[in-house]
Amino acid sequence: MVDSNRIVSFDILKGGGILLVILGHIQIPYMLKTVIYSFHMPLFFFVSGCFFRPISLREFFAKKTRQLLIPWAFFAFLLFAYLFVLKLNETHNWAKAISLPVTSMFDGFLGDENSFILFHVIWFLICLFEVSFVYLLIHKITPYNKALTISALCILLYGVGYWLNANNIDLPYFIDTTMSTLIYYHLGFCFMRNKWYGMKVSPIYSLFLLIIAIVFIVLFPSYVDLKSNNFPLHLLLLSMVFIMNFYWFINSYFNSRKLKLIPLDKILIWCGINSLALLGLHILFVDTFWIVRNKLHLVNYSWTILEFALIVAICYFATTLIKRYIPSVLGLSLIHISEPTRRSYIS
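Residues numbered from 1 in each chain as written. Predicted model: local features only at pLDDT ≥ 70, side-chain atom pairs only at ≥ 80, totals over all residues. Heavy atoms only, no water.

Trainee: I tried to follow the overall build of the protein chain on my own but got confused; where do I start?
Mentor: When its secondary structure is counted, the protein chain shows 14 helices and zero strands. For the protein chain, the α and β elements follow one another from N to C terminus as α-α-α-α-α-α-α-α-α-α-α-α-α-α. With 347 residues in all, the protein chain has 51% of them scored as buried. Taking the intrachain contacts of the protein chain between residues at least 6 apart in sequence as the baseline, contacts between residues at least 24 apart amount to 76%. Carbon together with sulfur atoms contributes 71% to the accessible area of the protein chain, which is approximately 17,000 Å² in total. (Helix = DSSP H or I, 4+ residues; strand = E, 2+ residues; numbered from the N terminus. Buried < 20%, exposed > 50% of the residue type's maximum accessible area, 1.4 Å probe, protein only. Contact = heavy atoms within 4.5 Å. Areas by Shrake-Rupley, 256 points an atom, 1.4 Å probe, with all protein chains shown as cover.)

Dropping the structure here:
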């Protein structure tokens, strides 16, 4: 049975989302990658917004530093060390091996795409920090008609972000992406506040809308890179249709079995609870497998499933060790780990 204090459907939603993030970073057909990229990162902004609550700025910085910035610094260190080892093996020169990671760190301050270390897959943690901060400020400075005013401001900022992308203006530190993704965070907050998460939606109806969303994504394929604020306008609607119906389908399916877990549920729930660790760790193994596959000329898709399974398994053992010995780098404490009702959402 599942702890009744948790909304387990969100764990399963995040678990499916982070597994799709990993799948999207390995060698898969282009169209499948296009579908995944159309909603996988918006999903996490949406879920984070679901658990927003107004707090003081002091509490915000203390909480988000622990939950987002410290994990970001830890994963940045791992990426730094990884790049150093790769270049040392390639050049056999310590000076050259250290210069590239250091240069990469400084390059990252010049733009979103320049740094392997600072803004690789962990760009999301920086951007989520900014989104959470901006949303909190908007919530605090809005004196009346909060729902309407905040909605209008989020739509306005989305429009500014869209305009920036249309004019090829790339702001540093994901400020442009923050403008564009704030609306997902707000929609998540509305989803929770209005208790839409508890709506009883037919799984057949949800599955039908999921398929419709996928069909439209396939019919109108677009280049998507949310990190660089490249997210076409039509995907705002399609991604939200997908995310919300994905949740409702999971919720209906899960409740239909009266909260009894099967092995797949347990895997997805674990992945959802540990999505932060999987986000930061998986890219090290993805890049390593990419090097191995190129050297062995394993270029066909038949290896993809094996590669995916191995990456998830390695991440499982790595996450278990980190949570046991240095949980603080994941924004956790030994007390939090022992609590059965802990909230491990990236929020």
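Trainee: Is there a simple way to explain the environment of Leu233 in this structure?
Mentor: Here Leu233 shows up in the loop between α9 (203-219) and α10 (234-256). Separated by 74 residues in the primary sequence, Leu233 and Gly159 have C-alpha atoms spaced 9.6 Å apart. Setting aside chain neighbours within four positions, we find Leu233 in contact with Tyr158 and Tyr162.

Trainee: In this structure, what is going on with the side chain of Asn274? I would like to understand it.
Mentor: Among the structural elements, Asn274 can be located in the loop between α11 (263-273) and α12 (275-296). A distance of 2.9 Å separates the side chain of Asn274 from the backbone oxygen of Trp270, its partner in a polar contact. Once residues within four sequence positions are removed from consideration, Asn274 is found in contact with Thr319 and Lys323. (Polar contact = N/O pair within 3.5 Å; in protein donor to acceptor, adjacent residues only side chain to side chain.)

Trainee: Before we go on, may I ask you to explain the packing of aromatic side chains in this structure?
Mentor: The geometry of two aromatic rings is summed up by the distance between their centres and the angle between their planes. Going through the model one piece at a time under the given rule, you end up with 29 aromatic pairs. Ring geometry for Phe52 versus Tyr185: centroids 6.1 Å apart, planes at 70°, classification edge-to-face. Highlighted residues: Phe52 in the loop between α3 (40-50) and α4 (57-91) and Tyr185 in helix α8 (residues 175-193), separated in sequence by 133 residues. With a centroid separation of 5.9 Å and an interplanar angle of 65°, the aromatic rings of Tyr135 and Phe189 are classed as edge-to-face. One end of the pair, Tyr135, is in helix α6 (residues 123-141); the other, Phe189, is in helix α8, with 54 residues separating them in the sequence. Both residues of the pair, Tyr135 and Phe189, count as buried. Put simply, the rings of Phe10, Phe46, Phe51, Phe191, Trp196, Tyr247 and Trp248 touch in pairs and so form one group of aromatic residues. (Phe/Tyr/Trp six-rings, centres within 6.5 Å; stacked < 30°, edge-to-face > 60°.)

Trainee: I'm lost on a nonpolar patch on the surface in this one. Help?
Mentor: On the surface, Leu207, Phe208, Ile211, Ile212, Val215, Phe216, Leu219 and Phe220 cluster together into a nonpolar patch covering about 740 Å² of accessible area. Summarising the element assignment, Leu219 is placed in helix α9. (Patch = residues over 30% accessible without salt bridge, like charges linked within 9 Å, V, L, I, M, F, W, Y side chains within 5 Å. Salt bridge = Lys/Arg side-chain N within 4 Å of Asp/Glu carboxyl O.)

Trainee: Honestly, the environment of Phe84 in this entry has me stumped. Any pointers?
Mentor: Structurally, the position occupied by Phe84 is in helix α4. Of the residues examined, Phe84 reaches a relative accessible area of 15% and is grouped as buried. With 16 residues separating them in the primary sequence, Phe84 and Leu100 have C-alpha atoms 7.6 Å apart. Contact partners of Phe84, with chain neighbours within four places excluded, come to Trp94, Ala97, Ile98 and Pro101.

Trainee: What's the story with helix α2 (residues 30-37) in this structure? I'm lost.
Mentor: Side chains three or four residues apart in an α-helix point the same way, a direct result of the helix having 3.6 residues per turn. Residues of α2 that are buried include every one of Thr34, Val35 and Ile36, and no others. Looking at the buried side of α2, the elements it contacts are α1 (8-24), α3 and α9.

Trainee: Would you explain the nonpolar core in this entry?
Mentor: Grouped burial of nonpolar side chains is what soluble globular proteins tend to show. With 97 residues, the main nonpolar core has Phe10, Phe45, Phe124 and Leu125 as its most contacted residues. Of the residues forming this core, the biggest block, 12 residues, is contributed by α10. Contacts of Leu125, omitting those with residues within four sequence positions, involve Leu68, Pro71, Trp72, Phe75, Leu276 and Leu279. (Core = buried A, V, L, I, M, F, W, Y, C linked by side-chain atoms within 4.5 Å.)

Trainee: Explain α12 here, please?
Mentor: End to end, α12 covers 31 Å across 22 residues, agreeing with the expected 32 Å (1.5 Å per residue, within 8%). In the structure, α12 departs most strongly from a straight axis at Leu281, where the bend amounts to approximately 35°. (Expected span 1.5 Å × (residues − 1). Bend = angle between axes of the 7 residues up to and from the residue.)

Trainee: Explanation requested: the pattern of salt bridges in the structure shown.
Mentor: As a working rule, side chains carrying opposite charge can pair if their charged atoms are close by. For the structure shown, the criterion picks out three salt bridges. For Glu59, the salt bridge goes to Arg53, with nearest N and O atoms at 3.2 Å. Taking relative accessible area as the criterion, Glu59 reaches 35% and is therefore assigned partly exposed. One salt bridge connects Glu307 with Arg293, and the closest N-O pair in it is separated by 2.4 Å. Separated by 14 residues along the polypeptide, Glu307 in helix α13 (residues 304-325) and Arg293 in helix α12 bring together distant segments of the chain. Exposure remark for Arg293: the relative accessible area of 6% places this residue in the buried category.

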